[in-house]
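# Close look at the chain arrangement
Given next are the chains, with one letter for each unit.
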Amino acid sequence: MSQTFIATFQQIYAHKPDGLASAPGRVNLIGEFTDYNLGYVFPAALNFRTQVLFRARTDQQIVVHSQNYPGESDSFSLQAPIEPGPSQWGNYIRAMAYVLQQAGFTLCGADLLIDSDVPQGAGLSSSAALEVAIGGALNQLSGLALTPAQIALFGQQAENQFMNCQCGIMDQMISAQATAGHALLLDCETLATRAVPIPADLALVIVNSNYPRKLVDSEYNGRRQDCEQAAAIMKVATLRDATMDLLLQHQNAMTAQQFKRAHHVISENARVLATVDALQNSDMAQLRQLMQASHQSLRDDFEVTVPATDGLVEICQAALGANGAVRMTGGGFGGAIICLCAEQDVALVEQAVAAHYQARFGLTADVYICQAGTGLTVQVFS
Ligand code: ADP
Ligand code: MG
């Protein structure tokens, strides 16, 4: 963390910070839209992080600035009902305070300063990184003794209850609980986790399409409804409990759209478990096939890709051939794709993106070469 970050805090608040909470963004290797269907996901944390310097206040106010939004700040009282405020990003902080108060916790006032290198709106979960880091700061300041998993669950509630995004638990759980150098198999029903090492020579290459995302939350929430309706027709609690046989038995009772959504989720859950094995065995042929099938399912059944992300996947897969596995990652409707390949082949991805993406789509992509990072950390300054 830079000294200027601390100096800026002191400039704004006229005091030294008490400590620092830090939480990563994430990339999902596979298991897309399975979390809210209580299935399996397999994300890794990024080395991009959201940092929050914090200090206790005695007046029951929370004041927050973000270095990513210079000139805009938010403040609110913990003694009045917490409602959405004028700052779009400030609402994430209000949301965390709101859900913690709803759960019966007494919060302490705080001065907060945010800084982050997690790209925003790229499907790399800058919002979850923010929620988990803020949760870590409030947990420390108010002495709540929450576990990382509990902080993650409050982050999800913040999105669901305050930010009107019906997301599942994946993003917050990986941000809170990641182990460096590992991906995390997460069972979204039991919340059981298993850290799986990422082979040392395998690079996580993320290519952000920079496609302008629109109506993402409403599309996202609509997909979730389709899944719930398909589960209800099959008389299972969630799609986690459905099988392909069960789905085919009920095909005539569903709309074509409900069938396709459920088909994606059921097939994707199986692909997650197969991917864990393939990664452990460094089986690139298997990884490639699983990630390609995931992408096709997201394109044709779940219908969350756009030509720009389909094109990026084609461009990168063609460049890597048998030596890479590629698919879209995250919430879709733009956002990023992920390539798994050897370090020495990263340049092939960079060259292919530079040569073909802008020419085909009129957009410039950003390529990030990432290592699997660690989850939430909270440090108290002496
Ligand atoms: P994603 O989670 O895919 O990056 P979202 O739309 O869910 O995209 O979350 C992005 C939003 O999170 C931003 O519009 C902003 O409100 C908030 N946010 C993320 N990072 C920061 C930050 N460093 N400072 C302030 N707000 C942030
Ligand atoms: Mg988000």
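Residues numbered from 1 in each chain as written. Chains lettered and ligands numbered in written order. Predicted model: local features only at pLDDT ≥ 70, side-chain atom pairs only at ≥ 80, totals over all residues. Heavy atoms only, no water.

### What about the overall build of the protein?
So the rule is basically this: Only DSSP runs of H or I covering at least 4 residues are called helices, and only runs of E covering at least 2 are called strands; the numbering of each starts at the N terminus. For a compact globule the rule gives 2.2 Å times the number of residues to the power 0.38, and the radius of gyration it is set against comes from C-alpha atoms. In what follows, residue pairs with any heavy atoms lying within 4.5 Å of each other are defined as contacts. All accessible-area figures derive from a Shrake-Rupley calculation using a 1.4 Å probe, and residue coverage is judged against the displayed protein chains alone. His is not counted here, nor are the chain ends, while Lys and Arg score as positive and Asp and Glu score as negative. Throughout, a charge is located at the NZ atom of Lys, the CZ atom of Arg, the CG atom of Asp or the CD atom of Glu.
Across its full length, the protein carries 11 helices and 12 strands. Computed over its C-alpha atoms, the radius of gyration of the protein comes to 21 Å, within 12% of the 21 Å expected for a compact globule of 382 residues. For the protein, the spread of C-alpha atoms along the principal axes amounts to about 60 × 50 × 40 Å. Residue pairs in contact within the protein that sit at least 24 positions apart in sequence constitute 72% of those at least 6 positions apart. Entry remark: accessible area of the protein is about 15,000 Å², with carbon and sulfur atoms responsible for 48%. Looking at the protein, you have 20 positive and 34 negative side-chain charges, and the mean spots of the two groups are 2 Å apart.

### Quick word on the domain arrangement of the protein
Going by this rule: An automatic or database domain assignment is the source of the domain bounds shown. Two parts lose some accessible area (1.4 Å probe) when they are put together, and adding that loss for both gives the buried area. A side-chain nitrogen of Lys or Arg and a carboxyl oxygen of Asp or Glu constitute a salt bridge if their distance falls within 4 Å. In protein, a polar contact requires one atom able to donate a hydrogen and another able to accept it; more generally it is a pair of N or O atoms within 3.5 Å, and residues adjacent in sequence count only if both atoms are side-chain atoms. When residues are sorted by character, Ala, Val, Leu, Ile, Met, Phe, Trp, Tyr, Cys and Pro go into the nonpolar class, Asp, Glu, Lys and Arg into the charged class, and all the rest, Gly among them, into the polar class.
Domain parsing of the protein yields domain 1 (3-197 + 373-380) and domain 2 (202-370). Summarising the inter-unit geometry, the C-alpha centres of domain 1 and domain 2 are found 26 Å apart. On the domain 2 side, the residues contacting the 38 residues of domain 1 number 42 residues. Area buried by domain 1 at its contact with domain 2 is led by Ile 30, Phe 33 and Tyr 36, which between them contribute 21% of it. Here domain 1 and domain 2 share 3 salt bridges between them. With a closest N to O distance of 4.0 Å, Glu 189 and Arg 240 form a salt bridge. Taken together, the links from domain 1 to domain 2 amount to 20 residue pairs in polar contact (both at pLDDT 80 or more). Examining the composition of the side of domain 1 that touches domain 2, we find that 7 residues originate from one element, strand E2 (residues 40-57), more than from any other. Looking at the side of domain 1 that touches domain 2 residue by residue, the classes come out as 21 nonpolar, 11 polar and 6 charged.

### Details of the packing of aromatic side chains
The test is simple: Here is the rule: rings of Phe, Tyr and Trp (six-membered ring for Trp) pair when centre to centre is within 6.5 Å. Planes less than 30 degrees apart are stacked, more than 60 are edge-to-face, and the remainder are tilted. Only protein chains enter the calculation, and the probe is 1.4 Å; a residue is then buried if its accessible area is under 20% of its type maximum, exposed if over 50%, and partly exposed in between.
Scanning the entire structure with this criterion turns up 10 aromatic pairs. When the ring of Phe 33 is compared with that of Phe 302, the centres are 4.6 Å apart and the planes differ by 35 degrees; the resulting orientation is tilted. In this pair, Phe 33 is assigned in the loop between strand E1 (19-30) and E2 and Phe 302 in the loop between helix H9 (284-300) and helix H10 (307-320), connecting sequence segments 269 residues apart. Residue Phe 33 is classed as buried on the basis of its relative accessible area, which comes to 5%.

### Looking at the side chain of Arg 49
On the secondary structure map, Arg 49 appears in strand E2. Asp 117 provides the closest opposite charge to the buried, unpaired Arg 49, separated from it by 7.5 Å. At 2.6 Å, the side chain of Arg 49 forms a polar contact with the side chain of Ser 22. When near neighbours in sequence (up to four residues on either side) are disregarded, Arg 49 contacts Ser 22, Ala 23, Pro 24, Asp 115, Ser 116, Asp 117, Val 118, Thr 374, Gly 375, Leu 376 and Thr 377.

### Looking at the packing of helix H4 (residues 148-162) against helix H5 (residues 170-177)
We apply this condition: Fitting a line to C-alpha atoms yields each axis, with helices limited to the stretch in contact; the angle taken between N-to-C directions then spans 0 to 180 degrees. Here roughly perpendicular refers to angles of 65 to 115 degrees, roughly parallel to angles under 35, roughly antiparallel to angles over 145, and oblique to all remaining angles. Crossings are sorted by hand: turned counterclockwise from the far helix by less than a right angle, the near helix makes the crossing left-handed, and turned clockwise it makes it right-handed.
One way to put it is that H4 packs onto H5 with a least axis distance of 8 Å and a crossing angle of 150 degrees. Looking at the two axes, H4 sits roughly antiparallel to H5. Read as a crossing pair, H4 and H5 show a hand that is right-handed. Between H4 and H5, the contacting residues are Pro 148, Ala 149, Ala 152, Leu 153, Gly 155, Gln 156 and Glu 159 on the first element and Gln 172, Met 173, Ala 176 and Gln 177 on the second. Its residues assigned to classes, the contact of H4 with H5 shows 6 nonpolar, 4 polar and 1 charged.

### Some words on the site of ligand 1
Stated formally: In these notes, residues near a molecule or strand are those with any non-hydrogen atom within 4 Å of it.
In the region of ligand 1, 18 residues are neighbours, and Ser 66, Asn 68, Gln 88, Gly 121 and Ser 126 sit closest. One of the backbone nitrogen or oxygen atoms of Gly 121 is found 2.8 Å away from an oxygen atom of ligand 1. Between an oxygen atom of ligand 1 and a side-chain N or O atom of Ser 127, the distance comes to 3.0 Å. At the level of elements, strand E5 (109-116) and helix H3 (126-142) are the ones that each hand at least two residues to the shell around ligand 1.

### Structural notes on H9
Given 3.6 residues per helical turn, the α-helix brings residues three or four places apart onto the same face. Definition in use: Helix span, expected: 1.5 Å multiplied by one less than the number of residues in the helix. The directions from the helix axis to the C-beta atoms form the arc being described.
Here H9 is 17 residues long and its end C-alpha atoms lie 24 Å apart, about the 24 Å a rise of 1.5 Å per residue gives. Looking at H9, one finds that the buried residues are Met 284, Leu 287, Leu 290, Met 291, Ser 294, His 295, Ser 297 and Leu 298. Relative to the axis of H9, the buried residues are bounded by an arc of 160 degrees and lie together on one face.

### Some words on the pairing of strand E7 (residues 193-197)
Regular strands place side chains that alternate from one sheet face to the opposite one. Inclusion rule: Each pair of strands is called paired provided DSSP finds at least two bridges between the two strands.
Bridging between strand E6 (residues 182-187) and E7 involves 5 bridges; their strand directions are antiparallel. Paired with Ala 183 across the two strands is Val 196, which belongs to E7. Taken together, E6 and the strand that follows it, E7, pair antiparallel across an intervening segment of 5 residues, in which Leu 191 is found at a positive phi of about 65 degrees.

### What about the pairing of strand E4 (residues 73-77)?
Because side chains alternate across E4, one face comprises the buried residues Asp 74 and Phe 76, and the other comprises Ser 73, Ser 75 and Ser 77, none of which is buried. Between the antiparallel neighbours strand E3 (residues 61-66) and E4 lie 6 residues, among them Gly 71 with a positive phi of about 85 degrees.

### Observations regarding the environment of Ala 178
Relative to the elements of secondary structure, Ala 178 occurs in the loop between H5 and E6. On the basis of relative accessible area, Ala 178 is assigned to the buried category, the value being 9%. Considering only alpha carbons, one finds Ala 178 and Pro 148, 30 residues apart in sequence, at a separation of 10.0 Å. With residues up to four places along the chain from it excluded, the contact list for Ala 178 reads Ala 45, Met 173, Gly 373, Thr 374 and Gly 375.

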